[in-house]
Amino acid sequence: MSIDDSIRQQLIILARKPKAQVVSFTLSSPTDWRPESVRRPDGEFNTHFNSSSAWEFIATQLESGCEVEIVNLQKPPGKKAYVMTLDLGNSERELYVKVQLGSGKIIGRSFHYSEHPKKRGINSGHE
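Only a predicted model underlies this, so the values are computations on that prediction, with no experimental measurement involved.

Engineer: Can you walk me through the packing of helix α1 (residues 5-15) against helix α2 (residues 51-63) in this structure?
Structural biologist: Any two packed helices are characterised by how steeply their axes cross, that is the angle between the axes, and by the distance between the axes. Where α1 contacts α2, the axes come no closer than 8 Å and their chain directions differ by 155°. When the interaxial angle is binned, α1 and α2 end up roughly antiparallel. Read as a crossing pair, α1 and α2 show a hand that is left-handed. Where α1 abuts α2, its residues Arg8, Leu11, Ile12 and Ala15 lie against Trp55, Ala59, Leu62 and Glu63. Class assignment of the residues belonging to the contact of α1 with α2 gives a composition of six nonpolar, no polar and two charged.

Okay, here's the thing in structure tokens:
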């Protein structure tokens, strides 16, 4: 299931507000937020993401209409999150991003390479 435009706009606005960005690991709400381990697709000088460039990348991808899947979280149970799997170009793996909406906040839950290889088409010889 994809998201509606009002949720997309809320995510974009909050991703661009530093005071609205939250990344905090707890046992009841774990995170895997590692932007520094991900190479930027446009990174000639700054080769890897940092926290602020990760949030800007998320906002830009949302603006461009990327696919966003709604998932039900196990921790905390009953809460929703928004997942994007983004192609970074030449990388063998895609970028996995998961965010959650809070009260006037956007909560970064995941920002790291996908654990799965890129999905390839039938014509590429891979399944």
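Past the structure itself, the notes keep going.
Engineer: Even after reading the chapter, I still don't get the packing of aromatic side chains, so can you show me in this structure?
Structural biologist: The description of two aromatic rings rests on the distance between their centres and on the angle between their planes. Counted under the stated rule, the structure contains four aromatic pairs. Where Phe49 meets Phe111, the ring centres are 5.3 Å apart and the plane angle is 80°; that geometry is what we call edge-to-face. On the criterion of sequence distance, the pair formed by Phe49 in the loop between β2 (32-33) and α2 and Phe111 in strand β6 (residues 106-117) is long-range, its members being 62 residues apart. Linked through ring pairs, Trp33, Phe49, Trp55, Phe57 and Phe111 together constitute an aromatic cluster.

Engineer: Can you help me understand the side chain of Ser29 in this one?
Structural biologist: Summarising the element assignment, Ser29 is placed in the loop between β1 (21-22) and β2. Reaching out from Ser29, the side chain makes a polar contact with the side chain of Arg109 at a distance of 3.5 Å. Excluding residues that lie within four positions of it along the chain, Ser29 makes contacts with Ser24, Lys75, Pro76, Gln100 and Arg109.

Engineer: What is the right way to read the pattern of salt bridges from this model?
Structural biologist: Any two side chains of opposite charge can pair, given that their charged atoms come close. In the structure shown here, the tally under the stated rule is three salt bridges. Of the charged contacts, one joins Glu56 and Arg16 as a salt bridge, the two residues approaching to 2.8 Å between their closest N and O atoms. Highlighted residues: Glu56 in helix α2 and Arg16 in the loop between α1 and β1, separated in sequence by 40 residues. Residue class for Arg16 comes out partly exposed when judged on its relative accessible area of 34%. Here Asp32 ties to Arg34 by a salt bridge, and the two come within 2.6 Å at their closest N and O atoms. Since its relative accessible area comes to 28%, Asp32 is described here as partly exposed. Overall, Arg34 belongs to the partly exposed group, its relative accessible area being 39%. In the salt-bridge network here, residues are joined through shared partners; they are Arg16, Glu56 and Glu63.

Engineer: Explain the environment of Ile106 here, please?
Structural biologist: Structurally, Ile106 is set in strand β6. Linking Ile106 and Gln10, residues 96 residues apart in sequence, is a C-alpha distance of 8.9 Å. Discounting chain neighbours no more than four positions away, the residues touching Ile106 are Leu11, Leu14, Ala15, Ala20, Gln21, Val22, Trp55, Val99 and Gln100.

Engineer: Help me out: how do you make sense of the environment of Leu101 in this one?
Structural biologist: Positionally, Leu101 belongs in strand β5 (residues 93-101). With 81 residues separating them along the chain, Leu101 and Ala20 place their C-alpha atoms 10.0 Å apart. When residues no more than four places from it in sequence are discounted, the contact partners of Leu101 are Ile7, Gln10, Leu11, Leu14, Tyr82 and Ile107.

Engineer: Would you explain α2 in this entry?
Structural biologist: Residue pairs three or four apart in sequence face the same way in an α-helix, which turns once every 3.6 residues. For α2, built from 13 residues, the straight-helix expectation of 18 Å at 1.5 Å per residue is met to within 8% by its first-to-last C-alpha distance of 19 Å. Here α2 has its buried residues at Ser53, Ala54, Trp55, Phe57, Ile58, Ala59, Gln61 and Leu62. One side-chain oxygen of the residue at the start of α2 lies 3.1 Å from the amide nitrogen of Ser52, identifying that residue as Asn50. Gly65, located one to two residues past α2, shows a positive phi value of around 90°.

Definitions and cut-offs
- Residues numbered from 1 in each chain as written.
- Predicted model: local features only at pLDDT ≥ 70, side-chain atom pairs only at ≥ 80, totals over all residues.
- Heavy atoms only, no water.
- Axes fitted to C-alpha atoms, helices over the stretch in contact; angles between N-to-C directions.
- Helix = DSSP H or I, 4+ residues; strand = E, 2+ residues; numbered from the N terminus.
- Parallel < 35°, antiparallel > 145°, perpendicular 65-115°, else oblique.
- Left-handed = near helix turned anticlockwise from the far one by under 90°.
- Contact = heavy atoms within 4.5 Å.
- Nonpolar A, V, L, I, M, F, W, Y, C, P; charged D, E, K, R; others polar.
- Phe/Tyr/Trp six-rings, centres within 6.5 Å; stacked < 30°, edge-to-face > 60°.
- Polar contact = N/O pair within 3.5 Å; in protein donor to acceptor, adjacent residues only side chain to side chain.
- Salt bridge = Lys/Arg side-chain N within 4 Å of Asp/Glu carboxyl O.
- Buried < 20%, exposed > 50% of the residue type's maximum accessible area, 1.4 Å probe, protein only.
- Expected span 1.5 Å × (residues − 1).

Honestly, it's all geometry; don't read function into it.
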